[in-house]
Amino acid sequence: MKKIIVGISGASGAMLGERFVSFLLKNGHEVHVVISSGGAAVFQEELDIRDLKKHYRNAKNLYLYAAGDFAAKVSSGSADMDAMVIIPCSMSTVGAVANGITLNLIHRAASVCIKEKRPLILVPRESPLSPIHLKNLLYLSEIGVHIVPATTAFYHKPKSVEEMVDFTIGRVLDLLKMDHELFTRWKGKLGKR
Ligand SMILES: Cc1cc2nc3c(=O)[nH]c(=O)nc-3n(C[C@H](O)[C@H](O)[C@H](O)COP(=O)(O)O)c2cc1C
């Protein structure tokens, strides 16, 4: 069982955050979720979900924090968290994290992960990317933050949006060293014969 902080910001792709949290809960991990006001708006817009607590009812290992709650457990480096994933990650949140600005608890928890040298994974979504976005993402990658773009591959021949989303989630789980069967791995051409 791992203790994972999940930041959900206001980028398109609420399904990524929703399915990622569901996977972690189903697999017995302790999940600490912070959703920004933008994230909440996109959840409502794209998934018609207004209340995360209600949505994940019966989840015993789920902890939800308000984005403005800087006194929350995950705000401190002394909390024994294993990793943080921001999924989906807006360009605003990318900019804040890259520049050490902590306007909400997602930024603060990410800043803590960086200073404690704990795994931090961002799943950014924007298109096209401006030079500002690219510079921020490059800088974060250079200091050890994993950047997993919210894009799918096609070699596993996805048949639904869920399968496309699960490819990205699977790549995040690979970085967290969690077993999953969310997509069929490429085995090389010889493996197909
Ligand atoms: C429906 C919708 C989709 C959005 N999609 C994106 C997106 O894909 N990427 C992005 O960077 N911002 C997107 N935004 C804008 C962000 O929500 C906005 O910049 C917000 O301030 C981000 O704040 P946050 O990072 O604190 O959540 C979207 C907004 C809405 C309402």
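This text follows the structure it describes.
Residues numbered from 1 in each chain as written. Predicted model: local features only at pLDDT ≥ 70, side-chain atom pairs only at ≥ 80, totals over all residues.

Draft legend 1. Region of the structure containing the overall build of the protein chain. Within the protein chain, the regular secondary structure consists of seven helices and six strands. Listing every helix and strand of the protein chain by position from the N terminus yields β-α-β-α-α-β-β-α-α-β-α-β-α. Rg of the C-alpha trace for the protein chain: 16 Å, near the compact-globule value of 16 Å for 193 residues, within the 12% margin. Expressed as a percentage of its 193 residues, the buried residues of the protein chain come to 39%. Partitioning the contacts of the protein chain with sequence separation of at least 6, the portion at a separation of at least 24 is 75%. (Helix = DSSP H or I, 4+ residues; strand = E, 2+ residues; numbered from the N terminus. Rg over C-alpha atoms; globule rule 2.2 N^0.38 Å. Buried ≥ 20, exposed ≤ 12 C-beta atoms within 10 Å, placed from the backbone. Contact = placed C-beta atoms within 7 Å.)

Draft legend 2. Representation of the packing of helix α4 (residues 91–98) against helix α6 (residues 131–142). Running from N to C, α4 and α6 point in directions that differ by 50°, and their axes come no closer than 9 Å. Taken together, α4 and α6 sit at an angle that is classed as oblique. Like other packed secondary-structure pairs, α4 and α6 cross with a definite hand, here left-handed. Across from Met-91, Val-94, Gly-95, Val-97 and Ala-98 in α4, the residues of α6 making contact are His-133, Asn-136, Leu-137, Tyr-139 and Leu-140. Here the residues of the contact of α4 with α6 are counted per class, giving seven nonpolar, three polar and no charged. (Axes fitted to C-alpha atoms, helices over the stretch in contact; angles between N-to-C directions. Parallel < 35°, antiparallel > 145°, perpendicular 65-115°, else oblique. Left-handed = near helix turned anticlockwise from the far one by under 90°. Nonpolar A, V, L, I, M, F, W, Y, C, P; charged D, E, K, R; others polar.)

Draft legend 3. Seen up close, the nonpolar core. Grouped together as the largest cluster of nonpolar side chains are 49 residues, with contacts concentrated most on Val-6, Met-84, Val-85, Ile-87, Ala-109 and Val-123. The contact partners of Met-84, leaving out residues within four places of it in the chain, are Ile-5, Gly-7, Ala-109, Ala-110, Cys-113 and Leu-120. (Core = buried A, V, L, I, M, F, W, Y, C linked by C-beta atoms within 7 Å.)

Draft legend 4. Examining the site of the ligand more closely. In the vicinity of the ligand there are 17 residues, among which Ser-9, Gly-10, Ser-36, Gly-38 and Ser-90 approach most closely. Among the elements of the structure, α2 (37–47) and α4 are those that each provide at least two residues to the shell around the ligand. With five residues, α2 is the largest single contributor of residues to the shell around the ligand. (Near = placed C-beta within 6 Å.)

Draft legend 5. Spatial organisation of helix α1 (residues 14–26). Over its 13 residues, α1 extends 18 Å from the first C-alpha to the last, a length consistent with the 18 Å expected when each residue adds 1.5 Å. When we look at burial in α1, the residues that qualify are Ala-14, Leu-16, Gly-17, Glu-18, Phe-20, Val-21 and Leu-24. At the exit of α1 stands Gly-28, carrying a positive phi of roughly 80°. (Expected span 1.5 Å × (residues − 1).)

Draft legend 6. The sheet that holds strand β1 (residues 3–8), seen in detail. Taken in spatial order, the six strands line up as β3-β2-β1-β4-β5-β6 in an open sheet, and their pairing is parallel. Single-partner strands in this sheet number two, and they are β3 (62–66) and β6 (146–147). Where β1 and strand β4 (residues 83–89) come together, four bridges link them in parallel fashion. If you follow Val-6 over to β4, its bridge partner there is Val-85. (Pairing = 2+ DSSP bridges.)

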